[in-house]
Amino acid sequence: MDKKKLDKAYFEARRRELEVAYNQIKPDWQELADYFMPRTVRFLARNVNKAPAKNKKIKDAATLKAVRNFSSGMMSGATNPATNWFRIKVKGYDLKYDWQSRKWCGNVSDIIRDIFNVSNFYVKLPAAYKQLGVFALSVLGLEKDEETVMRVKLLPIGSYRYAKDERGVVDTMCRVYTETAKNLYEKFGKDNVSKAVLQCIEQKRFEEPFEIVHFVEPNAEYNPDSVWAKNKKFISVYYEVSGENDKFLGKSGFDKFPYVVFEGEENGEDVYPTECCGVNALPDAKQLMAMVVDEGKIIKKIGSPQMKGPAELKNKKLTDAPATFTENNQNGDGLTPVYQVPPAVVQPLEVLLEAKRQSIYELFFNDLFAMILNTADRGRTATEVNELKEEKMTLLSPLLEQVHSGLKTVMEWIFLECLERGIIPEPPAQIQGRDLEIEFVSMLAQAQKAQKISGMERFCTFTINLAQAVDPTLARKLNAEKIIDDYADYANIDPEQVVPSEDLQKIRQAQAEKQEQAEQMAAMQQGSEVIKNVGGADAFGGELMARLGL
């Protein structure tokens, strides 16, 4: 990339290129928003703080409820702030027999967990889950914070365009948004803002909005040994869309890509994903809304039917009183409905409506989340949950892996930021230079692992029963120590609650020494009794030795 081309014209040309794929998916996002999340899209940057247009397509709250339950289920099942839903491990290294390294990994996990708690990460995550479920993607902007290490921004659907590298990883982000004159002046300074912004400041029109573009892409001049911002891995520029030509608000760089993209399933080389709960539930949502309208018409015809009667009643003011209906009616006919709709037809229609609602709930995994939470409240294990809904966990697995991929990116960003600030303690010598890996141990992740735990329990039960019935020595086929360690690993038991193998070995050695001392004492006592019996009751000292020929 030629350095001379890195001007505003270049980035505007890149933005027009990204608009091609964006404009292809935009109508689908708009339709999904109309039926599931009408107030979350922002296709025009100037619509910020603008009251959303009145939505006329949502006639039943089932779609809104399904999205809400999906978000709540993902928060409770995958990223519950009250639980330890992840842990840090060392890739290719068994921590079971290295208590020191295991403790260090636990400390790193606690640091990342504390950053999640003190930042706004958990505040923004439920809305990110909603976007992921409906639109198949959501984007979080990660920003450095002096107090909380990280600050998160959730980008509205339609406010960004992105591109991917040859591996399918997002490495280019173009965000279009509005910022007030006051904020631009304070963030970028007097010398960088446009004349229009300065004019607003002078005239005290501080809240005047300006359309801004933030562009991040790989830097062709990347130099890992350089300390200058222009040589960072990613180049970052801010500029006003209507500002002076070739003038940036700010130009810098990032060592870490500052955006995290949660994506659903994409088709081949498509830039944007197209497979998610909202896409699959859209046909049912459309049918449900149409059926609700029809049901309303039927109920209205039952309660307020169109009437027919004598012509002399045409200009009469009628009330609900029955006597009024036959007033001045010489023929004695009165008013009668043009057609009658039997109330019984409403019940079958209500059954069909409820079936559509349940279909939408199931496509958003509401039944699965409810099952997991309800069984967890009753004290059931992850194994029982898996046995109850194993096939549904199989359906959820692809989505869960996509969420885990995005969460790993967030945690890697935090880890590198903590390293730069010196927050992470120095690792033990035996694991220095090794790669770390993140293991997810949330309720949903544990439900996926439950098959391993179930197999271990069945194997132990079978072996013990067989040993009791046939040969007690068969119980020694069980490597009880490794089974306990593996069970604790699969069940996400706190390492502090499991005695390390080396400590257990010391306990065994101490018990063995104690047993050996007891046996020696018993042998000495037995020898004394023998000597006493040989020498007689009055035998002692040299006399006893003489009798023994010593």
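Further up the page is the structure itself.
Treat the numbers as computed from the prediction; the structure is a model and nothing was measured.

Caption draft 1: Just the overall build of the protein chain, in detail. In terms of helices and strands, the protein chain carries 16 helices and 12 strands. Considering only contacts in the protein chain between residues 6 or more positions apart, those separated by 24 or more positions represent 72%. A total accessible area of about 31400 Å² is found for the protein chain, and carbon and sulfur atoms account for 52% of it.

Caption draft 2: Region of interest: the pairing of strand S5 (residues 170-180). S5 sits mainly inside the fold: 10 of its 11 residues count as buried. As defined by bridge partners, strand S4 (residues 160-164) adjoins S5 across 5 bridges and the pair is classed as antiparallel. Each residue of the ladder has a partner; that of Arg-161, found in S5, is Cys-174. The sheet contact formed by S5 and strand S6 (residues 209-218) spans 8 bridges and is antiparallel. Counterpart to Thr-178 in the pairing with S6 is Glu-211.

Caption draft 3: Structural context of the nonpolar core. In terms of nonpolar packing, the biggest core is built from 93 residues, with Phe-36, Phe-116, Phe-121, Met-150 and Phe-364 touching the most fellow members. The leading source of residues in this core is helix H12 (residues 390-421), at 11 residues. In this structure Phe-116 touches Trp-85, Phe-86, Phe-121, Tyr-122, Met-150, Val-410, Met-411 and Ile-414, once residues within four positions along its chain are discounted. Grouped together as the second largest cluster of nonpolar side chains are 13 residues, Tyr-10, Cys-174, Val-213 and Ile-235 included.

Caption draft 4: Highlighting helix H7 (residues 277-303). The first and last C-alpha atoms of H7 sit 38 Å apart over 27 residues, in line with the 39 Å expected at 1.5 Å per residue. In H7, a bend of some 40 degrees at Pro-283 exceeds every other bend along the element. Considered for burial, the residues of H7 that qualify are Cys-277, Gly-278, Ala-281, Leu-282, Asp-284, Ala-285, Leu-288, Met-289, Met-291, Val-292 and Glu-295. The secondary structure elements touched by the buried residues of H7 are helix H1 (8-35), helix H2 (62-78), helix H4 (121-135) and helix H9 (346-363).

Caption draft 5: Geometry of the sheet that holds strand S3 (residues 149-154). The strand order S3-S2-S9 describes an open sheet built from 3 strands, whose pairing is antiparallel. At either margin of the open sheet sits one strand with a lone partner, and together these are S3 and strand S9 (259-263). Taken pair by pair, the neighbouring strands of this sheet meet at an average axis angle of 25 degrees, ignoring direction. With 5 bridges joining them, strand S2 (residues 137-145) and S9 adopt antiparallel strand pairing. Its bridge partner lying in S9, Gly-141 is registered against Tyr-259. On the sheet, H4 packs against S2, S3 and S9 and is oriented at approximately 160 degrees with respect to S2.

Caption draft 6: Main features of a negative patch on the surface. On the surface, Glu-265, Glu-266, Glu-269, Asp-270 and Glu-275 cluster together to form a negatively charged patch. By the secondary structure assignment, Glu-266 is in the loop between S9 and H7. Taking relative accessible area as the criterion, Glu-266 reaches 37% and is therefore assigned partly exposed.

Caption draft 7: Examining the sheet that holds S6 more closely. As summarised here, the arrangement of the 5 strands in space is S4-S5-S6-S7-S8, forming an open sheet in which the pairing is antiparallel. Of all the strands in the sheet, just S4 and strand S8 (250-254) have a single pairing partner and so form its edges. Adjacent strand axes in the sheet meet at a mean angle of 15 degrees when their direction is disregarded. Each of S4, S5, S6 and strand S7 (234-240) is contacted by H1, which is oriented at about 85 degrees to S6, the strand it contacts most. With respect to the sheet, helix H5 (residues 181-188) is in contact with S5, S6, S7 and S8, its orientation differing from that of S5 by roughly 125 degrees.

Caption draft 8: Representation of empty space enclosed by the protein. The tally for this structure, following the rule as stated, stands at 2 cavities of 30 Å³ or more. Of the volumes computed, that of the largest cavity is approximately 50 Å³. In this structure, the largest cavity is lined by Lys-8, Asn-192, Val-193, Ser-194, Glu-240, Gly-243, Glu-244, Lys-247, Phe-248 and Leu-249. Here the lining of the largest cavity is built from residues that sort into 3 nonpolar, 3 polar and 4 charged.

How each quantity is defined
Residues numbered from 1 in each chain as written. Predicted model: local features only at pLDDT ≥ 70, side-chain atom pairs only at ≥ 80, totals over all residues. Heavy atoms only, no water. Helix = DSSP H or I, 4+ residues; strand = E, 2+ residues; numbered from the N terminus. Contact = heavy atoms within 4.5 Å. Areas by Shrake-Rupley, 256 points an atom, 1.4 Å probe, with all protein chains shown as cover. Buried < 20%, exposed > 50% of the residue type's maximum accessible area, 1.4 Å probe, protein only. Pairing = 2+ DSSP bridges. Core = buried A, V, L, I, M, F, W, Y, C linked by side-chain atoms within 4.5 Å. Expected span 1.5 Å × (residues − 1). Bend = angle between axes of the 7 residues up to and from the residue. Axes fitted to C-alpha atoms, helices over the stretch in contact; angles between N-to-C directions. Patch = residues over 30% accessible without salt bridge, like charges linked within 9 Å, V, L, I, M, F, W, Y side chains within 5 Å. Salt bridge = Lys/Arg side-chain N within 4 Å of Asp/Glu carboxyl O. Lys, Arg positive; Asp, Glu negative; His and termini not counted. Charge placed at Lys NZ, Arg CZ, Asp CG, Glu CD. 1 Å grid on protein atoms, 1.4 Å probe; cavity = no way out; pocket = protein on both sides within 12 Å on 5 of 7 lines; lining within 4 Å. Points joined across faces, edges and corners; volume = space filled by probe spheres on them. Nonpolar A, V, L, I, M, F, W, Y, C, P; charged D, E, K, R; others polar.

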